[in-house]
Every structure is written in structure tokens, then in C-alpha cells.
Amino acid sequence: MTPTTPASSIDGAALLDEVEAFHRRFNVFPTEHAYVAVALWDAHAHLMDALDGTARIAFLSPEPGSGKSRALEIIETLTPRSATTVNASANALFRLVSADEGTPTLLFDEIDTVFGPKAGGNEEVRGFLNSGYRRGAKSLRCIGDGSDQKAAFLPSFCAVAMAGLGSLPDTILTRSVIIRMRKKAPNEKCEPYRRRVHEKQGHALRDRLADWTAPLHDQIADAWPDMPEGVTDRPADVWEPLLAVADAAGGHWPERARAACTALINAAREGDEASLGVRLLTDLRDRVFCGVDKLPTAAILEVLLSIDDAPWADMSEDGQHIKPLTARAMAKLLSQYVRPDNKPIKPKGIRIGSTTPKGYYAEDLSDAWARYCPPPPGEAATAATAATPQVNGGESVADTPSEPRHMFAESDTRALRSVV
């Protein structure tokens, strides 16, 4: 889509260049794409009345001292009605968004204290953040004083920037532009931020962003920006408002925005830890079955527990008791997924000589593999591994890779397990 000429007389591309340069003075982001995304995010916060959706932005790092809070400080100076919080209740957040002053820009620092391993679920705050990325999102709350309480629907739609250690719940990550921060290297320098001096400079840019975006509301509301190839579904929802801003600015911003979109989405996919169920399915496909028709549970568990980089040998119960994956736990994980006939995946009896131990059939897992697992690695999809508990005439199938890999009825469980 070719960007139309903005109604504002302000040069939007040059203004976004200034916003980006302001961040560069005080922030060391991990990639050039991060500067592009953050500058666009700042501008999009001025257009909330025109947008159907908003992109959350999350600054995450494994260690303190990586510049996350500083990023929020700079954003605070550039966005309208910014409100910074470290820990807030869901009710307070709903009331903040519904206040007469207008839609706030919510800056949530130390978000790990809300969703970290020691913080509990905080499901109400999660619900606020999940729902509020779409216009019209509301939740039913009681409002009033003392015993004079009435039910009312309160809105949650607002721009939200977050900073914290570790990660966030998947439902929030998928609604966010993710910037994975890191400590500055010795050769990476930035200007010290002094609020009493630099806040005024940020506010001057904020006011110019407001002036530039004010005439753009109708244009942005009607915009349908072209997405980079392969960007669909939730990632497209997240990036649509940012690309609309880039198209309105013109210059080099539409091209840079789409490059940043592709790069940051791909980085998020590579950095995401798959859910435990998806990890199990993927390991079953790529590390256990490897083309085998069927395997008993005992043999499957032996292979899973031998994978060094997998979680199966150190499963946690309620974050405390560590023990290996069990047949019962594996069955529970797999029962969340269905077979090709739309019935839950469950262990079945497998005939091995005179015994019928419980196990799994590859055909029962095939539909879940196709739907949930990433594409198999180039060679692992076709080659057997020494860890595969499969025998062919008394030998491991890894010793005879040219032969078809099928379970032989005369094999017994002891022989299957002995080859692992």
C-alpha cells in the first residue's frame, strides 16, 4: 500500500528520526530494529483514539542492570498521559483507564514481580493486559463507596510498555513487541539521563508528536498497511498500528518498519520456549520415534530421560519436588492433544511377543505433530539416532539405517530398553 500524504505540515519521518535519536542518547538496545520499533511505539501511543488495536512492548532481560527501566523512563517523556507503576491491582488499572483525563500510556516496571515465579498467578492483571490490546475490551467490576456498590463495565484498552526480568506469560508475549535487553558491553556508551534536564527535552518531542499525529486520526483509522510476507494472525495484529504510523510518516520509515517487524517476530519465535506439551511432542517426533510405528511407554521414557538438553529428567511439582517424567505425567500431557479422529491421545496396548505393554502409536501422534511442532530439522527428520529404542532382528535400527524402521512383534520390552 502506498502511503498517503499526511495532513499535518510536520515532517513525520524527520520527527521520528528525532525520537529515535533521543532514545539512542540514553538507551543501548540490542539491535537497530529495536530503535525503529520503540520510536514507532512512542508515536502510536498518541493515536489510541484512532486505533482498533495496540501493540504491547516488553523489555526483558535475564539479569538486572540491562537498561530496561531506563527505556521506560525515556518512553515516559515521549508518550501522552504516561503513568508508571511497579505493582498495581487490576481494579486500580481499570479505574486508571476509565478516568476522565483520557486514555493513559501505562508503563509497568518490574513486571516480574507481578508474573515471576514467586509472584503467583495474578490472573486479574493478566486478564487486564490480555484484553486491553483491543478497542472495546471491558471487564465487569464493582464500583462505589462502602456498601453502595454497583456493577459496571470498565474499559482496559490502552498502550502498555513493560520491563522485567525473565519472561512473561505466553498470552502476554504473543501480544507484544519483545525487546530482549542485555548489559552494555565495555565499548557501548550512552549519555547519562538526568530527569530535571532531559525530561523537558523529551516533553518537547512528545508535544511535537501530538501535533503531528492530531490530523492523522482519520488516515490511521482507515489504514490497512501491507504486512511483510509470512506475518499473519496475532503478529499482524501487533504490528499493524506500528506499520500504519510508519506509512503515515513516509520517507525511509515504511521500509525500516517492515524490516524491524520481520526481524523482531523471527527473534521472538526463536527465543520463545515452547510449552511443555509442544516440547514433548517435538522430542517424541525428532528424538524418540524417528519413523518408528509404535513404542512402549517404558522405552519412550528411557529415551526422553537420556536427552541432556531436555527437561524430562528434572520435572518439578509445584515448583518444589524434582523428579523424572513418569508414564502418568506423560499421558496427562499428551491427553491435551487429539488423534486424527479427534479423540484424545492415550496409551494403548502394544503386542510385543507374549506381552502387551502400554505404549503409543505414531499414527495417533501424527496430527498433533503436524499442527503444533516446528518443522523438523533437515537431517533429523530422515536419519535414525543411536538413542532410538528400535530393534531389527536383534540389532539397533541405528546400525542398519538403510532398512525400514518398524516395530517387530517378536521384540520384547527388555530388548527394546537395552539398546538405549
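Conventions adopted
- Residues numbered from 1 in each chain as written.
- Predicted model: local features only at pLDDT ≥ 70, side-chain atom pairs only at ≥ 80, totals over all residues.
- Heavy atoms only, no water.
- Pairing = 2+ DSSP bridges.
- Helix = DSSP H or I, 4+ residues; strand = E, 2+ residues; numbered from the N terminus.
- Contact = heavy atoms within 4.5 Å.
- Axes fitted to C-alpha atoms, helices over the stretch in contact; angles between N-to-C directions.
- Parallel < 35°, antiparallel > 145°, perpendicular 65-115°, else oblique.
- Nonpolar A, V, L, I, M, F, W, Y, C, P; charged D, E, K, R; others polar.

Participant: Where do I start with the sheet that holds strand β11 (residues 348-349) in this structure?
Facilitator: Paired through their backbone hydrogen bonds, the strands of a sheet run either parallel or antiparallel. Overall, antiparallel pairing links the three strands, which are arranged β8-β12-β11 in an open sheet. Strands at the two margins of the open sheet, each flanked by one partner only, are β8 (294-296) and β11. Where β11 and strand β12 (residues 358-361) come together, two bridges link them in antiparallel fashion. Along β12, the bridge assignment pairs Gly349 with Lys358. Helix α13 (residues 297-305) rests against β8 and β12 of the sheet, and its axis sits at about 85° to β8.

Participant: I tried to follow the packing of helix α12 (residues 276-289) against helix α14 (residues 327-334) on my own but got confused; where do I start?
Facilitator: The description of two helices packed together rests on the angle between their axes and the distance between the axes. Running from N to C, α12 and α14 point in directions that differ by 105°, and their axes come no closer than 9 Å. By the criterion of interaxial angle, the relationship of α12 to α14 is roughly perpendicular. Counting all contacts with α12, which are made through Leu276, Gly277, Leu280, Leu281 and Leu284, the residues of α14 involved are Met330, Leu333 and Leu334. For the contact of α12 with α14, the residue count by class is seven nonpolar, one polar and no charged.

Participant: Quick question: what am I supposed to make of the packing of α12 against α13 here?
Facilitator: Between α12 and α13, the least distance of the axes is 10 Å, while the angle of their chain directions is 95°. As summarised for this structure, α12 and α13 are arranged roughly perpendicular, according to the angle between their axes. Contacts between α12 and α13 involve Leu280, Asp283, Leu284, Arg287, Val288 and Phe289 from the former and Ile300, Val303 and Leu304 from the latter. Across the contact of α12 with α13, the residue classes break down as seven nonpolar, no polar and two charged.

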